[in-house]
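# Observations on chain architecture
So the chains spell out like this:
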Protein chains: 2
Amino acid sequence: MTKFQGNTKDGTEPLPAPPPLARERIPVQKSSVCSRSYFMVVMVFFHVYILNVIALLLYVHYNNASNAVGSDLDFTSRTNNHKIAEQLNTEPPSDTRFTRNVYLPRIEGIRVGHVQKVSLAPGKMHEMRTLSLKPLLFEIPDFLSEEECAVVVRLAQLKGLTESQVMVPEGQEELSQQLNLSPEEIFHLLDLNQDGQLQPQEILTHSRVRDGIWLTPENLREIYDGLKVDQDNNGVLSMEEFGQLNSDSFQRYLLQYGVKKSHLVRNSKHTWLYQGQGAHQVLRELRNRVTRLTRLPPSLVELSEPLQVVHYEQGGHYHAHHDSGPVYSDTVCTHTRVAANTSSPFQTSCRYITVLFYLNSVEEGGETTFPVADNRTFEEVSLIQNNVDLLDTRKHCDKGNLRVKPTKGTAVLWYNYLSDGKGWVGEQDEYSLHGGCIVTRGTKWIANNWINVDPDYQRQARYQQLVLQQQESQERQQDMNADEHTGNHQEL
Amino acid sequence: MTKFQGNTKDGTEPLPAPPPLARERIPVQKSSVCSRSYFMVVMVFFHVYILNVIALLLYVHYNNASNAVGSDLDFTSRTNNHKIAEQLNTEPPSDTRFTRNVYLPRIEGIRVGHVQKVSLAPGKMHEMRTLSLKPLLFEIPDFLSEEECAVVVRLAQLKGLTESQVMVPEGQEELSQQLNLSPEEIFHLLDLNQDGQLQPQEILTHSRVRDGIWLTPENLREIYDGLKVDQDNNGVLSMEEFGQLNSDSFQRYLLQYGVKKSHLVRNSKHTWLYQGQGAHQVLRELRNRVTRLTRLPPSLVELSEPLQVVHYEQGGHYHAHHDSGPVYSDTVCTHTRVAANTSSPFQTSCRYITVLFYLNSVEEGGETTFPVADNRTFEEVSLIQNNVDLLDTRKHCDKGNLRVKPTKGTAVLWYNYLSDGKGWVGEQDEYSLHGGCIVTRGTKWIANNWINVDPDYQRQARYQQLVLQQQESQERQQDMNADEHTGNHQEL
C-alpha cells in the first residue's frame, strides 16, 4: 500500500492546483484520487478473481472427491465404478438409511494359471497367480520376508498360544431349543435329499457342524451298533429309529470312549495379535499390504479381526470347513451385532476374504486343501461317498481337487462370499470349503487375516458410524481431559 | 469504446492546458488519462478473469470427459473404471499409438443360476440367468417378441439362404506351405501329447479344423484299412507310417466315397442381414438391444458383422466348434486386417461375444450344446475318448455338460474370449466350445450377432479411426457435390 502510493508520486513534483472553475467538481489531489480508484478496482477484481478461482477449484475437488470417496462413511476407496449397479439400486434413501456410495472391488481371476503383477510395498512388485475361480483363489509368493515370518512367530510365542478346540463344546442344544423344533422337524432338516431316511452322510454332515467331534463313517457304524439304533441294520435311519434317539446320545456315547485331539475337527493351537494403532511395525505393515492386495477400503480392513497365528504340531490337522457361514435373511454378523436390533439365532463371522500366510515351509504334509475347487457342481452330501470322505484331511487330502503347499512367506487369498452383482457382498461361496492336511513331518506355522464385511450394507454402514462416533467421543473426552489439565495449569 | 469515450467527456468542459513546467510530462487531459487507465485496468482484469474462468471450465470439462468418453475414438461408454489397470498399463504413448481410454465391461456371472434384471427396451425389464461361468454364458428369455422373430425369418427368406458349407474347401495346403513345414514338423505339431505317436483323436482333432469333413473314429479306422497306413495295426501312427501319407490322402480317400451333407462339420443354410443405418426397424432395434445387453461402446457393435440367420432342416446339425480362434502374437483379425501391416498366416474372426437368438421353438432336438461348460479342466484330446466323441453333435449331445433348449424369442450370450485383466480382450476361452445338436423333428431357425473386437487395442483403435476418416471423406465428398450443385444453380 505504501509502496504503491509511493510509486505514483515517485519522481514527480506535485502539480499546482489548476484555477478553480464554476462547473468543475473539486479537483483536489487529482492524481491521488486517480490512484486510489485504480487501486480499488485492482483489488476488487483481484479478490473476485481469487474467490472465483477458489470456488472453481473447490468444485473440481468436490466433483472428483464425490466420485472417489464415500461422503457419509470413512470408506476411502472406490476402485470399481458400478454405474449399472447404481442404476439398478432403486432403493430410496430415507433418513435412517445410508445411500450406497461404496463398492467393493473384486480381483479378476481371468483363468486358472493367470499371473498378474501387484504392487504391495514401495519398490517391489509381487506376482499373484490364480489358483481357482471357484472359489476365487490366488497365491502370492514372497508376501512376507523370512525376517517378518520369524517376527510374527516370535510375537505369537511371546503372547502364548492356546488349544484351538479344547473339548466338546457345551450348550449346543440352545439353537434347536431357540428354534423350538420337534424331532420330526429336525429329521426333515437333516434329510437333505428328502427321501424319508437319514443316510450316514446326512448324519455326519450335521454332527460335525454341531459338536466338533469328527465322526468317520466307521465311527458311525460303531455307534449304531453300540446304541442299537439301526434295528433293521440297513445302514440308514427311519423316522421311527431316529425318534428313539436322545438328541445328545451320540455325544454321550463318544465321551464314554474318551475323545482324543485327533478326533476333533481341528487339532492346533492359536493366538490373536492386535494390528491396530501402536502395534508392532511388522503387523502394521502386514495389514497395509493386505489392504493394497485386497483393494478394499482401509477402514474395512482396519475394523476387521486381529491376526490369528496358528501352530500345528506333527499330526495336527483341520478338517475341511467354511471360514464363514451361509447368509439367510435374518443372519447376523458377529462383528456388526451391535448395529443389529435382532436376536436372530443365525450368527456367523461374515469373513468376506481370508488371507492365509505360511510362516514356515512344512517338511511334509500340512497342505491347504480345497477339495471341491472348480468342481462343476457343489453337493454337500456327495462329499462323503463310498467310505471316501473328502472333508477328512487326515485320510483323504490326496483326493481333493486342489492343494497348496506351505512355503514360507507365501500368502494365499480367497473370497468366502460371492459378489451380489451390485458391488457388495452376496451369497456364501460353497466352493470355498478348505482344510489343513495332516502334518506328517515337522510342524506348521500359519497366520490368518480375515476381512469382515456384513452382506447387509446398511448394517455395515451403521456399525462403522457407531465406531466412528465412539472414537470421536473418546477423542472429545481426551480433549476435555487435556483442557481441564490446561485449566488447572493456568490456575496455578 | 466510442460510448466510453463519450461518457468521459460528458458534461465536462475540457480543462485549459496548465502552464508548461520544465520537469513535468505532458499533463494534457488529466481526467481523460485517468479514466483511460481505469478502463484499461478494468478491461485487462476482466479479460484475464474471463480467460481464467474459461480455462478452468475447460479443465473441469476435460477432466470429466477423460473419465467418461474416449477422446480419440468414438467409444462412447466406459462402464468399468479400471484405475488399477491404468496403473499397470505402463506402455508409453507414442505418436502413432493410441492412449488407452476405453475399457470393455464384462457382465458379472456371480454363480450358475444367478438371475439379474436388465433393461433393454423402454418400459420393460428382462431377466438374465447365468448358465455357466466357463464360458461366461447367459440366457435371456423373451429377448425378441413373436412378431420380431417372424420378421427376421421373413427378411432372411426374402434375401435367400445359401448352404453354409458346400463342399470340401480347396487351397487348404496354403497354410502349411506358407509356414514351410516338413512332414516331421507337422507330425510333432499334431502329436499333442508328445508321445512320438499319433493317436486317432490327434488325427481327428486336426482333420476337422483342416478340411471341414467330420471324421468319426470309425471312419478313421476304415481309412487306415483302406490306405493300409497303420501297418502294425496298433491303432496309432508312428513317424514312419505318417511319412508315407500324402498330405491330402485323407481328403482324396473321402472324395472317392462321396461326401454327404451329414458328413460335414455343419449342415445348414444361412444368410446375412445388414443392420446399419437405413436397415429394417426390427434389425436396428435388435442391434440397439444387443448394445444395451453387452454394455459395450455402440461404435464397437455398429462396426461388427451383420446379423447371420441360420436355418437347419430336420437332420441338420453343427458339430462343436469355437466361433473365433486362439490369439497368437501375430494373429490378425479379419475385421481389422486393413489396419494391420502384416501378412501373418494366422487369421481369425475375433468374435469377442456371440449373441444367439432362437427364432422358433424346435419340436425335438436342435439344442445348443456346450460340452465342456464349467469343466474343471480343458483338454482338447480328452474330448474324444473310448469312441465317445463329445464334439459330435449328431451322436453324443446327451453326454455334454450343458444344453440350451431352443425357445422362440430367447437369446443366449457368451464370451469367446477372456478378459486380459486390464479391461480389454485377452486369450480365447477354450470352454466356449459349442455346437448345434441334430434337429430330430421339425426345423430350426436361429440368428447370430457377433461383436468383433481386436485383442490388440492399437489395431482396433487404428481400424476405427480409418473407418471414421473414410466416413468423413465420404461426407465431404457429398458436401462438395452439394456445393457444385449449388454453384451450378447460381450460374443459371
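Residues numbered from 1 in each chain as written. Chains lettered and ligands numbered in written order. Predicted model: local features only at pLDDT ≥ 70, side-chain atom pairs only at ≥ 80, totals over all residues. Heavy atoms only, no water.

## Focus on empty space enclosed by the protein
Residue and element names in this part refer to chain B. Going by this rule: Think of a 1 Å grid over the protein atoms and nothing else: a 1.4 Å probe that fits but is trapped marks a cavity, an open set flanked by protein within 12 Å on at least five of seven lines marks a pocket, and residues with an atom within 4 Å of a point count as lining. Grid points are joined across faces, edges and corners, and a volume is the space filled by probe spheres set on the points. Residue polarity follows a fixed list, in which Ala, Val, Leu, Ile, Met, Phe, Trp, Tyr, Cys and Pro are nonpolar, Asp, Glu, Lys and Arg are charged, and the others, Gly among them, are polar.
Taken as a whole and judged by the stated rule, the model has one cavity of 30 Å³ or more. Volume-wise, the largest cavity comes out at about 40 Å³. Every residue along the wall of the largest cavity is listed here: A320, T369, P371, L390, L391, D392, T393, H396, C397 and G400. Looking at the lining of the largest cavity residue by residue, the class counts come to five nonpolar, four polar and one charged.

## Some details on the pattern of salt bridges
We apply this condition: Every case where a carboxyl oxygen of Asp or Glu lies within 4 Å of a side-chain nitrogen of Lys or Arg is listed as a salt bridge. Under the DSSP-based scheme used, a helix requires at least four consecutive residues in state H or I and a strand at least two consecutive residues in state E, with every element numbered from the N terminus. Here the term buried applies to any residue with accessible area under 20% of the maximum for its type, exposed to any over 50%, and partly exposed to those in between, with areas from a 1.4 Å probe on protein chains only.
Here the structure, examined in full by the defined rule, presents 28 salt bridges over all chains. Salt-bridge contacts for K117 of chain B lead to E127 of chain B; the nearest nitrogen and oxygen are separated by 3.1 Å. Here the residue K117 of chain B occupies a position in strand β1 (residues 115-121), and E127 of chain B occupies one in strand β2 (residues 124-132), the gap between them amounting to ten residues. A relative accessible area of 43% means that K117 of chain B is categorised as partly exposed. The salt bridge involving D398 of chain B is made with K399 of chain B; its shortest N-O contact spans 3.5 Å. Several salt bridges converge on common partners, so that one network encompasses E148, E285 and R289 of chain A.

## Quick word on the domain arrangement of chain A
Residue and element names in this part refer to chain A. The following threshold applies: How far each domain reaches was decided by an automatic or database domain assignment. We call two residues in contact when some of their heavy atoms are within 4.5 Å. Here the quantity called buried area is the accessible surface, traced with a 1.4 Å probe, that two parts lose on coming together, added over both. Polar contacts here mean pairs of N or O atoms no more than 3.5 Å apart (in protein, one a potential hydrogen donor and the other a potential acceptor; neighbouring residues in sequence count only if both atoms are side-chain atoms).
By the assigned domains, chain A splits into domain 1 (76-94 + 106-165 + 265-475) and domain 2 (172-261). The interface is formed by 17 residues belonging to domain 1 together with 17 residues belonging to domain 2. Counting the surface lost from both domain 1 and domain 2, the interface buries some 1,500 Å², and carbon and sulfur atoms represent 58% of this. On inspection of domain 1 and its partner domain 2, the count reaches two salt bridges. Between E218 and K395 there is a salt bridge, with its nearest N and O atoms 3.1 Å apart. Across the contact surface, domain 1 and domain 2 share three residue pairs in polar contact (both at pLDDT 80 or more).

## A closer look at the state of the cysteines
All names here are of chain A. Filter applied, for reference: Two cysteine sulfur atoms form a disulfide, by the criterion used here, when they sit within 2.5 Å.
Counting across every chain of the model gives four disulfides over all chains. Two residues, C333 and C350, share a disulfide whose sulfurs are 1.9 Å apart. An S-S torsion of about -80° defines the bridge between C333 and C350 as left-handed. Of the two residues, C333 is situated in strand β11 (residues 332-333) and C350 in the loop between β12 (347-348) and β13 (351-358); the sequence distance between them amounts to 17 residues. Look at C333 and you get buried, because its relative accessible area is 0%. A residue is classified by how much of its surface remains accessible, and C350, at 0% relative accessible area, is buried.

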